[in-house]
Amino acid sequence: MNLLNEISLVDYMNLVRQVREITGVDLGEFATASLRRRLTRCIQLHNFRFPDMLVARIREDPLFTDTFFADLMVESTEFFRDPGMWLLLRETLLPELISKKGNIKIWVPSCVSGDELYSLIILLHEMEVLSNVRILATCPSQKNLEHVLSGITRRDKIVSSNENYLLAGGKNQLTDYFTSKGILYYKTLPMDSHIDFDVSFLPSEKKLSASFDLILFRNQLLYFGKHLQNLTLSFFHQNLHQGGILVIGHKEQIDLSFFAENYLIVNAEEKIYRKK
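Just so you know, these numbers come straight off a predicted model, no measurement behind them. (Residues numbered from 1 in each chain as written. Predicted model: local features only at pLDDT ≥ 70, side-chain atom pairs only at ≥ 80, totals over all residues. Heavy atoms only, no water.)

Visitor: For unusual backbone geometry, give the residues involved together with the corresponding values.
Guide: Across residues other than glycine, the phi torsion is negative in most instances, and most of the peptide bonds are trans. If you check the backbone angles, S110 has positive phi at about 55° while not being a glycine. With respect to the helices, strands and loops of the structure, S110 is situated in the loop between β1 (104–108) and α6 (115–127). For S110, a relative accessible area of 9% translates into the label buried. (Helix = DSSP H or I, 4+ residues; strand = E, 2+ residues; numbered from the N terminus. Buried < 20%, exposed > 50% of the residue type's maximum accessible area, 1.4 Å probe, protein only.)

Visitor: Account for empty space enclosed by the protein, with residues named and values stated.
Guide: Considering all chains together, one arrives at one cavity of 30 Å³ or more under this definition. Space inside the largest cavity adds up to approximately 80 Å³. The wall of the largest cavity is formed by F30, R38, M73, V74, S110, F201, L202, Q220, Y223 and F224. Its residues assigned to classes, the lining of the largest cavity shows seven nonpolar, two polar and one charged. (1 Å grid on protein atoms, 1.4 Å probe; cavity = no way out; pocket = protein on both sides within 12 Å on 5 of 7 lines; lining within 4 Å. Points joined across faces, edges and corners; volume = space filled by probe spheres on them. Nonpolar A, V, L, I, M, F, W, Y, C, P; charged D, E, K, R; others polar.)

Visitor: Report on the packing of helix α5 (residues 83–101) against α6, specifying residues and quantitative values.
Guide: Relative placement of two packed helices is described by the angle separating their axes and the distance separating the axes. Packing of α5 against α6 brings their axes to within 11 Å, and their N-to-C directions diverge by 55°. As far as their axial angle goes, α6 and α5 are oblique. Handedness of the crossing formed by α5 with α6: right-handed. Note on element contacts: α6 touches α5 through E116, S119, L120, L123, L124, E126 and M127, opposite W86, L89, R90, L94 and P95. Each residue belonging to the contact of α5 with α6 can be placed in one class, and the counts come to eight nonpolar, one polar and three charged. (Axes fitted to C-alpha atoms, helices over the stretch in contact; angles between N-to-C directions. Parallel < 35°, antiparallel > 145°, perpendicular 65-115°, else oblique. Left-handed = near helix turned anticlockwise from the far one by under 90°. Contact = heavy atoms within 4.5 Å.)

Visitor: An account of helix α2 (residues 32–45) is needed here, citing residue identities and associated values.
Guide: Here α2 spans 20 Å end to end across 14 residues, near enough to the 20 Å set by a 1.5 Å rise per residue. Within the span of α2, buried status applies to S34, L35, R36, R38, L39, T40, C42 and I43. Looking at the packing, one finds that the buried side of α2 touches α1 (9–23), α3 (51–60) and α4 (62–72). (Expected span 1.5 Å × (residues − 1).)

Visitor: Please give an account of helix α10 (residues 226–238) that cites residues and values.
Guide: In this model α10 runs 18 Å from its N-terminal to its C-terminal C-alpha over 13 residues, within 8% of the 18 Å that 1.5 Å per residue would give. All of the buried residues in α10 are L228, Q229, T232, L233, F235, F236 and H237.

Now the structure itself:
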């Protein structure tokens, strides 16, 4: 394989098959084009000359397998992405849910960098409703979980996200929720008081003991193949309370017939739905 180019389709299919045989995880459920790019990046990142070297490392080293799964995930690039959605949560959806139920449960699946989760924590903090909320945050790998819990954030991401935060109704400056220690920046709001953390590579693999009032799974389905999209959406539907809210992100391309049968449209542009 020429490392300047994407892995061949044959190498890709062999990788998917062997990873499934070793780990039980079927990467073939992901969208082929984006997964091929991420597998190529992983091979280059770890200086493997050939795809078979990656497979051998996965077979021999369980700790590397966790790193491999973390490397395949796509990190968020900003806090309060799509601020219109956050403004709707702040002004309408969360007040409505809390007014109706008192205490609510929120699930944030596939926390890779924790940006979505921390945006939510800031929002709930400013609304003064953290005591009314319990959050489940599931990370695709142990490495992702450790990164989220570390609280480490790049300064450029904080600065570039400040406009998002203000458009989302922010009451301060985004930098107020971080502190610098040398060249590193850390989140200052606690990430454990109201959050239960767990590891689950795919949302539909998670065994849940409760249903939720809000599920935030934005801009992730576009990396899934059709079957995995449908499986994930069905799983979310099973684990939402009636009247609960599902947010999937306005860039997602999904089977709208599923939503027509099972959800009411809250906001078509932001892809926000309420379970019938």
